[in-house]
Amino acid sequence: MMTRKAVLDRRACLKGIGATLALPLFSSVGWAGDTKGKPAKPPVRLAFMYMPHGVIMDQFWPTNPDNFLTQPPPALDSLRPVLNQCLMVKGISGVAIKPFNGAPHALELSTWLTATLPNADHRNKIDIAISADQIAANYVGGLTSLPSLELATMPQTHKENQEGLNEGYYSHCSFRSPTQSVPAEINPRNVLNRLFGKADKPGAAPRHDPLDRSMLDLVIGGARDLRKKLPQDDQHKLDEYLDSVRAVERRIAAIEKRQQDAAFEKAGVGPSKRNATDSAPIEIKIPSGDKRSEYMQVMCDLNVLAFQTDTTRVSTYIGSTPNGVTYPELGLGEHHSFTHHGNKPETKAKVAAITAFNISQFAYMVNKMAKLKEGNGTLLDNCMMMWGSGLEDGDQHTRENLPFIIAGGGGGSLKTGRCILSKGNQGDLLTTLLACMGVPLDRPIGIATKQIKEMMNG
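A brief report on the enclosed structure follows.

Reading the values: the criteria
- Residues numbered from 1 in each chain as written.
- Predicted model: local features only at pLDDT ≥ 70, side-chain atom pairs only at ≥ 80, totals over all residues.
- Heavy atoms only, no water.
- Salt bridge = Lys/Arg side-chain N within 4 Å of Asp/Glu carboxyl O.
- Helix = DSSP H or I, 4+ residues; strand = E, 2+ residues; numbered from the N terminus.
- Buried < 20%, exposed > 50% of the residue type's maximum accessible area, 1.4 Å probe, protein only.
- Contact = heavy atoms within 4.5 Å.
- Polar contact = N/O pair within 3.5 Å; in protein donor to acceptor, adjacent residues only side chain to side chain.
- Axes fitted to C-alpha atoms, helices over the stretch in contact; angles between N-to-C directions.
- Parallel < 35°, antiparallel > 145°, perpendicular 65-115°, else oblique.
- Nonpolar A, V, L, I, M, F, W, Y, C, P; charged D, E, K, R; others polar.
- Expected span 1.5 Å × (residues − 1).
- Core = buried A, V, L, I, M, F, W, Y, C linked by side-chain atoms within 4.5 Å.
- Pairing = 2+ DSSP bridges.
- Phe/Tyr/Trp six-rings, centres within 6.5 Å; stacked < 30°, edge-to-face > 60°.

A word on the pattern of salt bridges. Tallying each qualifying case throughout the model produces seven salt bridges. Residue arginine 123 pairs with glutamate 163 through a salt bridge whose shortest N-O separation is 3.4 Å. Here arginine 123, found in the loop between α2 (104–108) and α3 (132–140), pairs with glutamate 163, found in the loop between β7 (149–152) and β8 (175–177); they are 40 residues apart in sequence, far enough to count as distant. Take glutamate 163: its relative accessible area is 30%, and that puts it in the partly exposed class.

See the structure below:
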């Protein structure tokens, strides 16, 4: 039986030096407002991770859906540890892009979460539809400190003029309203500051330590006091959580150090000549020689941390945008050029390698979530993490069978460990995910006509 002392306000936190650190969900601690003194069921979270330009289909889909768990396709090799917690849905069609036939890349990302075409009468302005993530955020966002979290690997500045469409369509997937896109954050340190309610003063030099050491010391001191009041299982969870906070801090600090050193060396100032009081460069970009996987994994860690602390329940991560991205770790240049492979085996192999690389970053995130305990299960059990692309095949720009992987049980609402065939469309898929999250809809999402019941439990 839970006592009053074991109940925390939903926004309870450990405090230190003007910052707040949200706590993970403990099985022995309920949020204020729970009825009959019972612990609240962990909330369902929803996330989307995007890769442009489609996939090599025979490397992505299982040759036989019945062998999904035992003989997964090569692209999914990194997901083997959690395949039983994954669901593939084959046969999902995208939005037919007529009358914008000459704008496949302007529409692959912008239609991904809207399942809607832009307004043809206002091509040079954003005029499309509210996206599925923002529909979810409108419903559950008031329960968390951040309604939603939008992340990206690349700046959202791509400029092209396919069919006269606004440049914002190329690099945005989230739309707060039909006429307002939601910008994504590409700087992991800014994301961390946002999660923990911290912000640098305008004009001030950025701090080198993403989390104040003194703040962390106070947080950990407060955690020790709380730890004494928790049962052993929750003590372990608290220790694991604080370890993850420090791990994120170390990873971001290491990346920032390399960025700063590279910037100084480019300016002719080696690291050994720097003074501790020197200001950091005004603009810091990830060096071309840096590991793309490490950058993406930090962003994935931040997504995990945001979900683990219930700082938000909705997120999007644009792993890359149409055109411009390269993969130095694979020894490969611009992604888009390879997708026009003309069915040449050697070029298709390069596209397949890029796809496997991107899925492996997604796998890094969901594998970690599968190891974090929450409630009677894991964090992944209470999430729906969707990876996918807005094109089926980059060579022909087809959209009849979009690639999707969904990881996580959605709080028991999804029936995973399968690859299923569906005649649904992109809007149907999004509508189903929102239904699994418990989000009521007063109208279909874009081209949706139904929920895909075969995805769901019960």
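Let's pick the thread back up.
Bringing the environment of glutamine 156 into the picture now. With respect to the helices and strands, the residue glutamine 156 is situated in the loop between β7 and β8. Distance in space between the C-alpha atoms of glutamine 156 and glycine 168 is 7.6 Å, their sequence separation being twelve residues. When near neighbours in sequence (up to four residues on either side) are disregarded, glutamine 156 contacts Ser171, His172, Val182, Pro183, Ala184 and Ile318. Of the polar contacts made by the side chain of glutamine 156, one reaches the backbone nitrogen of alanine 184; its length is 2.7 Å.

Running from N to C, helix α4 (residues 188–195) and helix α7 (residues 292–308) point in directions that differ by 10°, and their axes come no closer than 10 Å. Classed by the angle they form, the pair α4 and α7 counts as roughly parallel. On α7, the residues touching Pro188, Val191, Leu192 and Leu195 of α4 are Tyr295, Val298, Met299, Leu302, Leu305 and Ala306. Looking at the contact of α4 with α7 residue by residue, the class counts come to ten nonpolar, no polar and no charged.

What follows is about α7. Its 17 residues give α7 an end-to-end C-alpha distance of 24 Å, which sits within 8% of 24 Å, the value for a rise of 1.5 Å per residue. Phi turns positive, to about 55°, at aspartate 310, one or two residues after α7.

Turning next to the side chain of histidine 335. Position of histidine 335 among the secondary structure elements: in helix α8 (residues 335–339). For histidine 335, a relative accessible area of 0% translates into the label buried. Once you skip the residues sitting within four places of it in the chain, histidine 335 turns out to touch Met51, Pro52, His53, Val325, Tyr327 and Ile354.

Looking now at the nonpolar core. Formed by 64 residues in total, the largest nonpolar core has its most connected members in Phe60, Leu76, Leu79, Phe362, Met385 and Ile405. When near neighbours in sequence (up to four residues on either side) are disregarded, isoleucine 405 contacts Phe60, Leu76, Leu79, Cys86, Leu87, Met88, Ile359, Phe362, Met385, Met386 and Trp387. Counting 39 residues, the second-largest nonpolar core is a separate cluster that includes Val314, Leu402, Leu430 and Met437.

Turning our attention to the pairing of β7. Residue alternation in β7 divides its side chains into two sets, Leu149 and Leu151 and Glu150 and Ala152, and both sets are buried. Judged from the four bridges that link them, β7 and strand β10 (residues 314–318) form a sheet pairing that is parallel. From the neighbouring strand, leucine 151 faces β10, where its bridge partner is tyrosine 317.

Neither face of strand β14 (residues 404–407) is open: one carries Phe404 and Ile406, the other Ile405 and Ala407, and all of them are buried. Relative to β14, strand β6 (residues 86–90) is paired through three bridges, and the arrangement is antiparallel. When the bridges of β14 are listed, leucine 87 appears paired with isoleucine 406.

Strand order in this open sheet of seven strands is β7-β10-β5-β13-β14-β6-β15, and the pairing throughout is mixed. Looking along the sheet, the strands with just one partner apiece sit at the ends: β7 and β15 (418–421). Between one strand axis and the next, the sheet turns by 15° as a mean value, whatever way the strands run. In this sheet, β14 lies alongside strand β13 (residues 383–388) in antiparallel orientation, the contact comprising four bridges. Note that in β14 the partner of tryptophan 387 across the bridge is isoleucine 405.

For the coordinates displayed, the defined rule picks out six aromatic pairs. Here the aromatic rings of phenylalanine 60 and tryptophan 61 are separated by 4.8 Å at their centres, their planes lie at 85°, and the arrangement is edge-to-face. Both residues of the pair, phenylalanine 60 and tryptophan 61, count as buried. Pairwise contacts between aromatic rings join Phe48, Tyr50 and Trp112 into one cluster.

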